[in-house]
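Close look at the chain arrangement
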Amino acid sequence: MFAQPIVAPAATATADDLARPNRRSFLKGASALGGALVIATHLPLARRAMAATGDLAPNAFVRVAPDSTVTVLIKQCEMGQGVTTGLTTIVAEEIDADWSQMRFEFAPADAKLYNNLAFGPIQGTGGSTSIANSWEQLRQAGAMARAMLVQAAAAEWQVPAGEITVQKGVVAHASGKSASFGDLAGKAAALTPPTGVALKDPKAFTLIGGRVPRLDTPAKITGKAGFSIDVRRPGQLTALVAHPPRFGGTVKSVDAAAAKQVPGVVDVVTIPTGVAVVAKDTWSAMQGREALKIEWDGTGEGQSTDAIMAGYKTMAQTPGLTAAKRGDAAAALAKAAKTVEVEFEFPYLAHAPMEPLNGVLEPTKDGAVWWAGSQFQTVEQATIAAILGLKPEQVTINSTYTGGSFGRRATPTADYAAETAMIVKATGAKAPIHLMRTREDDMKAGYYRPMAYHKVRAGVDAAGNVSGWDHTVVAKSIMIGTSFEAFAVKDGIDATSIEGASDTAYAVTDLTATVHNAKEGVPVLWWRSVGHTHTAHAVETVVDELAHAAGKDPVAFRAALLKDQPRHAGVLALVAEKAGWGKPLPAGSGRGVAVHQSFGTYVATVAEVSIKDGALKVDRVVAAVDCGIAVNPDVIHAQVEGSVGFALSVVLRNKITLKDGEVEQANFDTYEPTRMSEMPKVEVHIVPSTEAPTGIGEPGVPGLAPAIGNAVFAATGQRLRSLPLDLSKLTST
């Protein structure tokens, strides 16, 4: 439980409140509180159907069955982040169930019922919004079900509802009468849902903030968990697509004669994204694809990454779009006692989820069914429908577990869902089509974290205070040219290109931040923590350099700049304490720090490294996290630990490079993930909070690279700024 009590006033919600969503942009990391809960009176037919079976279904999110199990419908995608357990915990707390009663199911694709409140009228998962956007919504859903169970008991026992208690799934009265949820579910289902429900005082929480077993663990351990790669439908065929070697290329001609002779190959069709081979199984489809003779038109992106980066550097010398302006950075820099002028290069990065992209599309007499680890249900539903000439509501989505995503399965184009629909349409298939992408397919023909270039000039005055900061970012926009541009891009500025730099919390009086939108033909996409992946590294490295220039301790220097930012300052103080900041380390070792806010969550990171024989070893990582109320502390620990493992390989070696427009990496031999032998000891400390919960899936990533880079400086006295860190550039190790 929390070290300090959580104090917040009890809340009530009316039917009007539940129908009025309060949406805040996920791009700014704010949580969306309240609203958009569809109550049972909006679903009379469904409620009556449930009542006939003895189930209580007062709203779109909660079902109480005659066996006393409580099922929560999860509108988000479970990709390993623990959201099914987290969201279920919220309902369990408000309904006062025993954890052993709790179950979950994935909700159907229906944006009217299950939209992400942070996104607007879209059902989807991203931006670390799952808990934040559902917090009030699911509390209300659980409280509504509890109130109806209590009302049913009160009517049956002829006692005032206020005298009834609910604890661990048992409804009881001082007279000795008691009933299980299942005993009361049918009777409660016949009642009219209340128009206002009181939420539990957080001081009375028993599950939230405590430890509960993850609900998906048993199924994953036993192999019963269903991923889309496991789906097998009657008559199912498998399709693989040969994509052009250059982004933007197209098919000029194709000779499929040899491919069609491969046993098991059923059909070969050309689609807008390449040439698809359809077969009875994956191996036959792979062999058929190998036998294709394709002439590509030779167009598309033909540059190598070195040439693209050179273009970025040239662009940075010209005026950019002003994303932020405070005071007069140029004048302050002119008066600075000391200045640092530095540049950073960041490569393209692949998402490389463990489960390669795949999905099954099954034509039906009334429409189609899409089986996938669906991250953007509304986008995929609409895209498949448009290609097949259907209405979106004619496309049913059966969501499965997802073997990782890191943003890859949430594309504005619904790319692999669209590709599957194109194949179904081109072949006239009546059988289900399972699109499979090998890891090489997505590594070479996927979407990538944008490459970026940063140029920063900053200074300190004679007293060691920051005196001016001029920051330029060059990167290809993720949002421009997509359906998200209308609300995510303002005056040509994509916030995701420069978030974390233009809105820094540091008390820098004179700051200018500008951005250039690059135009190369490489497809880009959000990657775990989006723009913060590079802006945090640049900002936190420069802050460290300014501290050194001012002759000040890096933690003390940051604390002074964050004195008016209590949550930043809080995690910084906690991580310094827990890491033993200032304690000596062995020769050849160093300790570095970073603090950053993303997606509404504050994370301070300390890394301890050692360098021996030119090799870098990250020995220890300590993180302090303020993500508001900690719904599931174990999940928070796991997500921060996972973020370290995910990001470490990017710090040490990973990058996507192009040679004459073709991606050079193909699989985990050339894009190597973090090995167990490389994992440092990771310690996670959670700040007790009464604030509404925010995201945790992504905020653990941004601070790792700068903390490690700053630790390398502490160990060697030399800076490595660009990622991945290249120790060969140190003069001695």
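Please refer to the structure higher up on the page.
Residues numbered from 1 in each chain as written. Predicted model: local features only at pLDDT ≥ 70, side-chain atom pairs only at ≥ 80, totals over all residues. Heavy atoms only, no water.

This paragraph deals with the sheet that holds strand S15 (residues 338-346). Pairing between the strands of a sheet is mediated by backbone hydrogen bonds and can be parallel or antiparallel. Taking strand neighbours across the sheet as the criterion, the five strands line up as S14-S24-S21-S20-S15 in an open arrangement whose pairing is mixed. Lying at the two open borders of the sheet, with one neighbouring strand each, are strand S14 (321-326) and S15. This sheet shows a mean twist of 10° between the axes of neighbouring strands, independent of strand direction. Pairing of S15 with strand S20 (residues 452-460), which is carried by nine bridges, proceeds in the antiparallel orientation. Across the sheet, Glu341 pairs through a bridge with Arg457, a residue of S20. Relative to S20, helix H10 (residues 305-315) is tilted by about 40°, and along the sheet it contacts S15, S20, strand S21 (466-476) and strand S24 (511-518). Packing against the sheet, helix H17 (residues 532-550) makes contact with S15, S20 and S21, and its axis sits at approximately 155° to S15. (Pairing = 2+ DSSP bridges. Helix = DSSP H or I, 4+ residues; strand = E, 2+ residues; numbered from the N terminus. Axes fitted to C-alpha atoms, helices over the stretch in contact; angles between N-to-C directions. Contact = heavy atoms within 4.5 Å.)

Following the criterion strictly, the structure yields 17 aromatic pairs and no others. Taken together, a centroid distance of 5.8 Å and an interplanar angle of 45° make the contact between Phe376 and Phe484 tilted. Of this pair, Phe376 sits in the loop between strand S17 (368-372) and helix H12 (377-388) while Phe484 sits in the loop between S21 and helix H15 (485-488), and the two are 108 residues apart along the sequence. Relative accessible area serves as the criterion here: at 5%, Phe376 is assigned to the buried category. A ring pair is formed by Phe376 and Trp526, whose centres lie 6.2 Å apart and whose planes are at 65°; its orientation type is edge-to-face. With a gap of 150 residues between them, Phe376 in the loop between S17 and H12 and Trp526 in the loop between S24 and H17 connect regions that are remote in the sequence. We note that Phe376, like Trp526, is buried. (Phe/Tyr/Trp six-rings, centres within 6.5 Å; stacked < 30°, edge-to-face > 60°. Buried < 20%, exposed > 50% of the residue type's maximum accessible area, 1.4 Å probe, protein only.)

Of all six residues making up strand S9 (residues 237-242), six are buried, and the element is well covered by its neighbours. Inspection of the sheet shows S9 paired to strand S19 (residues 433-436) by three bridges, in the parallel sense. When the bridges of S19 are listed, Thr238 appears paired with His434. Note that S9 and strand S12 (residues 274-279) share five bridges and pair antiparallel. Within S12, the position partnered with Val241 by the bridge is Ala276.

With an omega dihedral of -5°, the bond running from Leu723 to Pro724 counts as a cis peptide bond. With respect to the helices and strands, the residue Pro724 is situated in the segment after helix H21 (704-716). For Ser68, which is not glycine, the phi torsion reads 75° and is therefore positive. The residue Ser68 is located in the loop between strand S2 (62-64) and strand S3 (70-74) in this model. On the basis of relative accessible area, Ser68 is assigned to the buried category, the value being 12%. Of note, Ala414 is a non-glycine position whose phi angle comes to about 50°, a positive value. Note on placement: Ala414 falls in the loop between strand S18 (395-399) and helix H13 (415-427).

What follows concerns empty space enclosed by the protein. Tallied over the entire structure, the rule returns four cavities of 30 Å³ or more. Counting only elements with at least two residues in the lining of the largest cavity, the list comes to helix H20 (633-652) and H21. No other element matches the three residues that H20 contributes to the lining of the largest cavity. Here the second largest cavity defines a volume of roughly 60 Å³. As for the second largest cavity, its lining consists of Ala350, Ala352, Pro353, Pro356, Leu357, Arg439, Asp442 and Met443. Of the residues assigned to the lining of the second largest cavity, the class counts are six nonpolar, no polar and two charged. (1 Å grid on protein atoms, 1.4 Å probe; cavity = no way out; pocket = protein on both sides within 12 Å on 5 of 7 lines; lining within 4 Å. Points joined across faces, edges and corners; volume = space filled by probe spheres on them. Nonpolar A, V, L, I, M, F, W, Y, C, P; charged D, E, K, R; others polar.)

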